[in-house]
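Survey of secondary and tertiary structure
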Amino acid sequence: MNIRSAGLTGLSVLESDRFVFRSGDLDFMSANLIQEVLEPLQSMRLIDPHTHINPHQAASKTLADILGYHYYTELAHSAGMPRQQIEEPGLAPKDKVSRLVPWLRTIENTAQYSWLLEMCHFFFDFKDDRITVNNWEGLYDQSLKKMQSANWEQTVLEQSGLDQVYLTNDFDDPLQGFDTKKYVPCLRTDDLVFHLGKGQVRERLQKATSLEPSSASTLKNAIGKLFSHFSTNGVRACAISLPPDFHPAAVSSATADGIVAKVFGGHELSAAESVTLSQFVFWTLAEYCVEYRLPFDLMIGVNRRVYENGVFQGQDLFDTRVSLIQYKALFNAFPTVIFPVSVLAETSNQELVSYSWIFPNVVTSGHWWYSNIPVYIENDTRGRLQAVPMTKQIGYYSDMYKLEFAMPKFAMYRRILAKVLAEDFVISRRWSVNRAVELGKRVLRGNVETIFGEAG
Amino acid sequence: MNIRSAGLTGLSVLESDRFVFRSGDLDFMSANLIQEVLEPLQSMRLIDPHTHINPHQAASKTLADILGYHYYTELAHSAGMPRQQIEEPGLAPKDKVSRLVPWLRTIENTAQYSWLLEMCHFFFDFKDDRITVNNWEGLYDQSLKKMQSANWEQTVLEQSGLDQVYLTNDFDDPLQGFDTKKYVPCLRTDDLVFHLGKGQVRERLQKATSLEPSSASTLKNAIGKLFSHFSTNGVRACAISLPPDFHPAAVSSATADGIVAKVFGGHELSAAESVTLSQFVFWTLAEYCVEYRLPFDLMIGVNRRVYENGVFQGQDLFDTRVSLIQYKALFNAFPTVIFPVSVLAETSNQELVSYSWIFPNVVTSGHWWYSNIPVYIENDTRGRLQAVPMTKQIGYYSDMYKLEFAMPKFAMYRRILAKVLAEDFVISRRWSVNRAVELGKRVLRGNVETIFGEAG
Amino acid sequence: MNIRSAGLTGLSVLESDRFVFRSGDLDFMSANLIQEVLEPLQSMRLIDPHTHINPHQAASKTLADILGYHYYTELAHSAGMPRQQIEEPGLAPKDKVSRLVPWLRTIENTAQYSWLLEMCHFFFDFKDDRITVNNWEGLYDQSLKKMQSANWEQTVLEQSGLDQVYLTNDFDDPLQGFDTKKYVPCLRTDDLVFHLGKGQVRERLQKATSLEPSSASTLKNAIGKLFSHFSTNGVRACAISLPPDFHPAAVSSATADGIVAKVFGGHELSAAESVTLSQFVFWTLAEYCVEYRLPFDLMIGVNRRVYENGVFQGQDLFDTRVSLIQYKALFNAFPTVIFPVSVLAETSNQELVSYSWIFPNVVTSGHWWYSNIPVYIENDTRGRLQAVPMTKQIGYYSDMYKLEFAMPKFAMYRRILAKVLAEDFVISRRWSVNRAVELGKRVLRGNVETIFGEAG
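Here the structure is a predicted model, which is why all the values come from computation and not from measurement. (Residues numbered from 1 in each chain as written. Chains lettered and ligands numbered in written order. Predicted model: local features only at pLDDT ≥ 70, side-chain atom pairs only at ≥ 80, totals over all residues. Heavy atoms only, no water.)

**Structural notes on the overall build of chain A**
Convention followed: Counting from the N terminus, the helices are DSSP H or I runs at least four residues long and the strands are E runs at least two residues long. Accessibility here uses a 1.4 Å probe with only protein chains present; expressed as a share of the type maximum, an area under 20% marks a residue as buried, one over 50% as exposed, and anything in between as partly exposed. In what follows, residue pairs with any heavy atoms lying within 4.5 Å of each other are defined as contacts. The Shrake-Rupley method, run with a 1.4 Å probe, gives the accessible areas here. Residue values count only the displayed protein chains as cover. Counted charges follow a simple rule, with Lys and Arg positive, Asp and Glu negative, and His plus the chain ends left uncounted. Every charge is mapped to an atom, namely NZ of Lys, CZ of Arg, CG of Asp or CD of Glu.
On a plain count of helices and strands, chain A comes out with 19 helices and 11 strands. Summarising its shape, the C-alpha atoms of chain A cover approximately 75 × 55 × 40 Å along the three principal directions. Going through the 456 residues of chain A one by one, you find that 64% of them count as buried. Counted over contacts in chain A with a minimum sequence separation of 6, partners at least 24 positions apart contribute 75%. Here chain A has roughly 14,800 Å² of accessible surface; of this, 48% comes from carbon and sulfur atoms. Each charge class in chain A can be summarised by its mean position, and for the 44 positive and 51 negative side chains these summaries are 2 Å apart.

Given below as structure tokens:
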């Protein structure tokens, strides 16, 4: 038992003689212990409750789909690669990879790079410990062969242990042509809440609903039609990402009427009117979540397009000056809606822990984006496991765009989870390994089923 | 010596040959080391410098007093228990416990639950590692027998090693009928600062002081009478909890006069007037702390009644967007008043460390409420021990409502403290165990005596 | 291998059989491992990229120069020492030390004290583990002998392994009389941006440039002359410290004209005009950084003179409510200027990591002031190494006023760096020691050369 673990959570019983401070190879025991906890977590099958998978093309077709993930393009660009090099129109996949590879040496230290390497080892039989200008082409060709094999998509799902993959569907997605039991629809509502000022979005809404909203109530009806359509197709959650300055609030129909009429009349809204419209639509979504008994995933804290010349999907950042107190009215007004909350800034995690500890309808959800880095995951996982009811924690989601990423991302999380369970529960609180594993399984999958509904 | 410890604080001397990197059982040494540091800390007697104990009924009468602690009712409610189930009027203690017990399985992971279990093991000879629907009744009956034994209160104090327990008294508390040497009065001032707008509070003030304030100076006089009364009865601190948006400021008598007259005339204040009145009363309290040489405990950061339908005492939360810079004027204006500062958000701890490092009259105080969780305590303790003068740190208080909670809460803190002392001082800085223990004792008790006055 | 390390970053490969979980003395291995990583980092020579060294008197003359460092005077004052005791005019160095020494016992726990002790051990052959009223005089005399020896300055540089020391020069520094290859000029611009309202500062500007600014363009010209002068003298960076509420913004010449005329006409500016003037000057500096190809060091987050009666340089604090989003316009407008960013609050570190991960022109820089404490350094170092391209991290600078401080401060950093490299890279990601050391060297020195230019 190492000194880190011995008192880590400080939760062990008082009587020191009940500690196991006897052997010189306790450390060996501890390392074995993590493995003992980890193995059953690794072998269990998963539901991934938040991704950006396109169910019509879920797996990667070439290594360009993998290296084109914004985590790599933005890091390479940050390290000096001109954006244009990889965003050149008509660039062939292999050329794109060849332009990205030289920059990988500058990001070998990152967790993001470790996902890439682990994935290449796991899926593509890659043996080296670096992807370089000298070995990338072999990897490219070998991975291409795999990806072109029959049933690659099914192979990835199987090898990754994925039973279900939740999607993030546009509100006008027809939800046709894929198995919604495997690829579970979730209604993404960013466009509705924040972009009704764009003609294109309004047209999509009108087309999807065959309605022409001109008042608060007709806009509500249109949104209701979306919920009905999604509900018919097995939707499991409503979801949205929110900027740090957003404050949900109820808006009266009288107030909304004029604004809805104005925007659907094609007129520009003032900044204040835009805010009110966002609040009105957001509150309407929560009302439909009551009606359709849907959890409402809140992903709080992103500022869009902060770096205007960044690569595709590599322009967003955040502002730590955000608080869940902004959601006080919402959490109070909708006690029957479960809100799985993700926070972008690690500094928000203690608020998330505390709001989930107090509000029955707030649950912790995953480790999002800039907080999906080992040092933050570990700290946040400890806080949640130490202070939030075990039934109210959704451990992890991959947020992936291509199926191959679930494996290394969940692997990272499971190792951290196993470590925290071993240290804070088996050692510090003298739980059995089995009991710790049960807690891990609940956080990894059980709660996903309880909160969103069972697989299949 | 494990890798965590070896360079943890990075403070060890440069010469590597002076490290003790020689044996294969260094880890055994480390675990022993924590125990070596911990034991003298466990055996020392304590002063608990902040509690909510009712000195007329300090110990629990039934397990319902213990399980009725808001830490359990709010977590059970958060996990799904309807509030009404336990807040039903006239509910018998045993029935209350029977309704709470089924929910405990959902919170077994929490630190709060670990306090309960450790307490039941320690005081009530409970042997199981879970409290369940099957075994709770035996625990209830056994604990009842203990609590009904002669001198249970004294037994708890003795077994917990408590020499003194500081209270948090209402401003109109007569302070009669208990031993103020054992249960030390502290003047709680929340009502005065934030609730003079309520008729009931003004009446209590008028009754307690036999004065009818109608101006700044007469309100000051009334407050002065409270200080005089408390001072006569051995008060050791003035205390208040403050919302994140509070900014102390001096208010002129001229400005205050009209507002005091208005509110004591029974008129509703505007929001701005309420703020000014709060500032005026708060500043007045600090002035009396000068006169009466009292430390002024500031507990910064709580938002009251955020979850309006929460259980009793389970409705408050916080907003991390708070800074000690808001207290700049106060800390500068009252150099002779010691301000033991508690912060609710862990994100405020570094500010607390830094303000205590710079301001002679600011000292760090305990680990409050949502930050009283092992992962935060450990991090915060490291920061404080690494950067604040050792004489300016009040390590811990229990914040308890019933005496039985001091034991498990202080036990949790002492284990974390021992770990930090062993790692950051004995190993990394090569202090002797004895020297580290002396630091621990100072933080645990010595500074309480220096700052608030010696026991007895 | 200890439990802390085994899954720390969770980045190790999936196959558990590739772990080295076999021996009882893995911990010994781990401790040795840190040493293995540390030794080459300790023996390498350094460039210190940010200090406040006076090149005309770089080394200390007496122990009073060392104990007079604000880290000691402010902590002693915080612990109770009256400011006047050490700020008495004409106080002899030895008397100053004799007045400070009694207070050292109250700060022996601090990291700051550990620097002092390590330095005295290293440079002055001090053997005790405490500096006390009983042994300080011997230390004083012995250190005096050393400091009066021939070439003491050179000895310190040599023993500390310092190749170059970057300065922070006033804008009107003649930059004469010292070797600018060894003591590298950096243009400090706080006075220009924030204090042109002071007649003294305007006079210094007029004197330094022989220009009398009266409009936006003539002020720009004056600032350009400063850049030209610094450029001629080997300047490597423009630098500034910024308060938490500063928002860089472009200001039109038309808007600036009137304000510049007003302030240089000797008239008091309104608060709003002052802000606009600061923004105008700041933006102008960034424009000259483009022209002169200079990195622009931003040290973000300090509030000046918070504790008004504090000791010299011991009055500043901070407000965690600051965000890099305030710098959005700047980072977008100047893609060719490298901004090495230091943040004062640890709560800002994740933003710094994320902004450096996205913006090509933002790099992480050191561990500043209140965040230069082991617990924060370790956490921040992990975040940066896990998520920022390795080429974009300036590991450390000493911020020192006297040369003797580089040794203990860099020693502290190198031990923490070695620990993080050993745990997160060698163990968790199975890097070779050599590869981890290369990463460490890059962060310690390589990136300093890449970003600011090679030594000599």
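**Overview of the domain arrangement of chain A**
Residues and elements named next belong to chain A. Rule in force here: Just so you know, the domain bounds were taken from an automatic or database domain assignment. Take the accessible area each of two parts loses on contact, using a 1.4 Å probe, and add the two losses: that sum is the buried area. Every case where a carboxyl oxygen of Asp or Glu lies within 4 Å of a side-chain nitrogen of Lys or Arg is listed as a salt bridge. Gly counts as polar in this scheme, as do all residues outside two lists: the nonpolar Ala, Val, Leu, Ile, Met, Phe, Trp, Tyr, Cys and Pro, and the charged Asp, Glu, Lys and Arg.
Here chain A is partitioned into domain 1 (46-52 + 161-417) and domain 2 (63-147). One C-alpha centre belongs to domain 1, the other to domain 2; they are set 30 Å apart. Contacts between domain 1 and domain 2 engage 24 residues on the former and 19 residues on the latter. Summed over both sides, the interface between domain 1 and domain 2 buries roughly 1,900 Å², with carbon and sulfur atoms accounting for 67% of that surface. The three residues of domain 1 that bury the most area against domain 2 are Val311, Phe405 and Met407, which together make up 32% of that side's buried surface. Put simply, domain 1 and domain 2 have one salt bridge between them. Two residues, Glu118 and Arg415, come together in a salt bridge whose shortest N-O distance is 3.0 Å. Classifying every residue of the side of domain 1 that touches domain 2 by side-chain character gives 13 nonpolar, six polar and five charged.

**Topic: the sheet that holds strand β11 (residues 393-394) of chain C**
Residues and elements named next belong to chain C. In plain terms, the rule: The pairing criterion for strands is at least two bridges between them, as found by DSSP.
Within the open sheet, the six strands sit side by side as β4-β5-β6-β9-β10-β11. Their pairing is parallel. On the outer flanks of this sheet lie β4 (186-188) and β11, each paired with one strand and no other. Judged from the three bridges that link them, strand β9 (residues 339-343) and strand β10 (residues 362-365) form a sheet pairing that is parallel. Bridging across to β10, Phe339 finds its partner in Val362.

**What to know about the nonpolar core**
The cut-off we apply is this: Nine residue types can take part in a nonpolar core, namely buried Ala, Val, Leu, Ile, Met, Phe, Trp, Tyr and Cys, and a core is a set of them joined through side-chain atoms within 4.5 Å.
A:Leu298, B:Leu298 and C:Leu298 are the most contacted members of the largest nonpolar core, which has 458 residues in total. Beyond its immediate chain neighbours, meaning those up to four positions away, A:Leu298 contacts A:Ile240, A:Leu242, A:Phe282, A:Tyr327, A:Leu330, A:Phe331, A:Phe339, A:Pro340, A:Val341 and A:Ser342.

**Some remarks on the sheet that holds strand β2 (residues 162-166) of chain C**
All names here are of chain C. Operational definition: Each axis is a line fitted through C-alpha atoms, and for a helix only the stretch in contact is used; angles between axes span 0 to 180 degrees, taken between their N-to-C directions.
Here we have three strands laid out as an open sheet, ordered β1-β2-β3, and parallel in their pairing. Each end of this open sheet is capped by a strand with a single partner; those strands are β1 (46-48) and β3 (183-184). Packing against the sheet, helix α9 (residues 152-160) makes contact with β1, β2 and β3, and its axis sits at approximately 110° to β2.

**Let's talk about the pattern of salt bridges**
Evaluated as defined, the whole model comprises 72 salt bridges over all chains. Ionic contacts of the salt-bridge type, sharing partners, join the residues A:Arg45, A:Glu158, A:Asp163, A:Arg445 and A:Glu449 into one network.

**A few points about the confidence of the model for chain A**
Interpretation of this model should avoid reading the predicted coordinates in detail wherever pLDDT is low. All names here are of chain A. Convention followed: For every residue, the predictor assigns a confidence score, pLDDT, that lies between 0 and 100.
When pLDDT is averaged across chain A, the result is 93; 93% of the residues are at 70 or more. Segment residues 1-26: pLDDT under 50, and 106 contacts once partners within four positions in sequence are set aside and those in other chains are kept. Confidence estimates for the predicted assembly give a pTM of 0.95 and an ipTM of 0.94.

**Some points on helix α8 (residues 136-147) of chain A**
Residue and element names in this part refer to chain A. As a reminder of what qualifies: Under the convention used throughout, the expected extent of a helix is 1.5 Å for every residue step, that is, one less than its residue count. This arc describes the spread of directions from the helix axis toward the C-beta atoms.
Between its terminal C-alpha atoms α8 stretches 16 Å, which fits the 16 Å expected from 12 residues at 1.5 Å a residue. Among all positions in α8, only Trp136, Leu139, Tyr140, Ser143 and Met147 are buried. When α8 is viewed along its axis, its buried side chains cluster within an angular range of 100° and face the same direction. Looking at the buried positions of α8, the neighbouring elements they touch are α3 (63-67), α6 (93-104), α7 (111-124) and α9 (152-160).

**Some words on unusual backbone geometry**
All names here are of chain B. Phi is positive for Arg305, close to 55°, though the residue is something other than glycine. Position of Arg305 relative to the elements: it lies in the loop between β7 (302-303) and β8 (317-318). Classification of Arg305 by relative accessible area gives partly exposed; the value is 48%. Unusually for a residue other than glycine, Gln313 sits at a positive phi of about 65°.

**Observations concerning the packing of aromatic side chains**
What describes a pair of aromatic rings is the distance from one ring centre to the other and the angle between the planes of the rings. Definition in use: Ring pairs shown here join Phe, Tyr and Trp side chains whose ring centres sit within 6.5 Å, with only the six-membered ring taken for Trp; geometry is labelled stacked below 30 degrees between planes, edge-to-face above 60, and tilted in between. Distance and angle both matter: a charge sits over a ring if NZ of Lys or CZ of Arg is within 6 Å of the ring centre and within 35 degrees of the ring normal.
Taken as a whole, this structure holds 99 aromatic pairs over all chains when the rule is applied. Measuring from ring centre to ring centre gives 5.8 Å for B:Phe123 and B:Trp152, while their planes differ by 75°; the resulting arrangement is edge-to-face. Here B:Phe123, found in helix α7 (residues 111-124), pairs with B:Trp152, found in helix α9 (residues 152-160); they are 29 residues apart in sequence, far enough to count as distant. For B:Phe123, a relative accessible area of 2% gives the class buried. Of note, A:Arg435 hangs over the ring of A:Trp431, and the distance from its end group to the ring centre comes to 4.0 Å.

**Remarks on the environment of B:Gln315**
Going by this rule: N or O atoms within 3.5 Å of each other form a polar contact, as long as, within protein, one can give a hydrogen and the other can take it, and as long as residues adjacent in sequence are counted only when both atoms are side-chain atoms.
You can see B:Gln315 is positioned in the loop between β7 and β8. At 3.5 Å, the side chain of B:Gln315 and the backbone oxygen of B:Val311 are in polar contact.

**A look at α7(B)**
Taking 1.5 Å of rise per residue, the 14 residues of α7(B) would be expected to cover 20 Å, and the 19 Å separating its terminal C-alpha atoms lies within 8% of that figure. Positive backbone phi, approximately 55°, marks B:Asp125, located one or two places after α7(B).

**Topic: the packing of helix α6 (residues 93-104) of chain C against helix α8 (residues 136-148) of chain C**
All names here are of chain C. We apply this condition: Should the near helix be turned counterclockwise from the far one by less than a right angle, the crossing is left-handed, whereas a clockwise turn marks it as right-handed.
Viewed as axis vectors pointing N to C, α6 and α8 meet at an angle of 145°, and their least axial separation amounts to 11 Å. Once α6 is placed against α8, the crossing between them reads as right-handed. Taken together, the residues of α8 that come into contact with α6 (itself represented by Pro93, Lys94, Val97, Ser98 and Val101) are Trp136, Glu137, Tyr140 and Asp141. Split by residue class, the contact of α6 with α8 holds five nonpolar, one polar and three charged.

**Describing the packing of helix α16 (residues 349-358) of chain B against helix α4 (residues 70-78) of chain C**
Just so we agree on the cut-off: For this classification, under 35 degrees means roughly parallel, over 145 means roughly antiparallel, 65 to 115 means roughly perpendicular, and everything else is oblique.
Interaxial distance between α16(B) and α4(C) falls to 6 Å at its minimum, and their mutual angle equals 85°. Taken together, the axes of α16(B) and α4(C) lie roughly perpendicular to each other. In this structure, α16(B) uses B:Ser356, B:Trp357 and B:Ile358 to contact α4(C), whose residues at the interface are C:Tyr71, C:Glu74, C:Leu75 and C:Ser78. Of the residues assigned to the contact of α16(B) with α4(C), the class counts are four nonpolar, two polar and one charged.

**Some thoughts on the environment of A:Glu137**
Residue and element names in this part refer to chain A. Turning to its location among the elements, Glu137 is positioned in helix α8. Assessed through its relative accessible area of 41%, Glu137 is described here as partly exposed. Note: C-alpha distance between Glu137 and Gln85 (52 residues apart in sequence) is 18 Å.

**Some points on the pairing of strand β5 (residues 237-242) of chain C**
Residue and element names in this part refer to chain C. The element β5 is extensively covered by neighbouring structure, given that six of its six residues are classed as buried. Of the two faces of β5, the one lined by Ala237, Ala239 and Ser241 and the one lined by Cys238, Ile240 and Leu242 are each fully buried. Bridge count between β4 and β5: three bridges; the pairing is parallel. For Cys186, the partnering residue across the bridge sits in β5 and is Ala237. Where β5 meets strand β6 (residues 296-300), five bridges bridge the pair, whose relative direction is parallel. When the sheet's bridge partners are listed, Leu242 is paired in β6 with Ile300.

**Some points on the pairing of strand β2 (residues 162-166) of chain A**
All names here are of chain A. Extensive coverage of β2 is indicated by the burial of four of its five residues. Here strand β1 (residues 46-48) runs beside β2; their pairing, made up of three bridges, is parallel. The residue of β2 that forms the bridge with Asp48 is Val165. Pairing of β2 with strand β3 (residues 183-184) involves two bridges; the strand directions are parallel. Bridge assignment links Val165 to a residue of β3, and that residue is Tyr183.

**What about the state of the cysteines?**
Simply put, the disulfide is a covalent bond whose two ends are the sulfur atoms of two cysteines. Residue and element names in this part refer to chain B. Convention followed: Any pair of cysteine sulfurs within 2.5 Å is marked as a disulfide.
Considering all chains together, one arrives at zero disulfides over all chains under this definition. Cys238 provides the cysteine sulfur closest to Cys186, a residue in no disulfide bond, and the two sulfurs are 9.1 Å apart. No disulfide involves Cys238; its sulfur sits 4.2 Å from the nearest other cysteine sulfur, which is in Cys289. The exposure class assigned to Cys238 is buried, which follows from its relative accessible area of 0%.

**Quick word on the environment of B:Met119**
All names here are of chain B. The residue Met119 is located in helix α7 in this model. Of the residues examined, Met119 reaches a relative accessible area of 0% and is grouped as buried. Separated by 218 residues in the primary sequence, Met119 and Val337 place their C-alpha atoms 37 Å from one another. For Met119, the contacting residues outside a window of four places in its chain are Ile66, Phe124, Glu404, Phe405, Met407 and Pro408.

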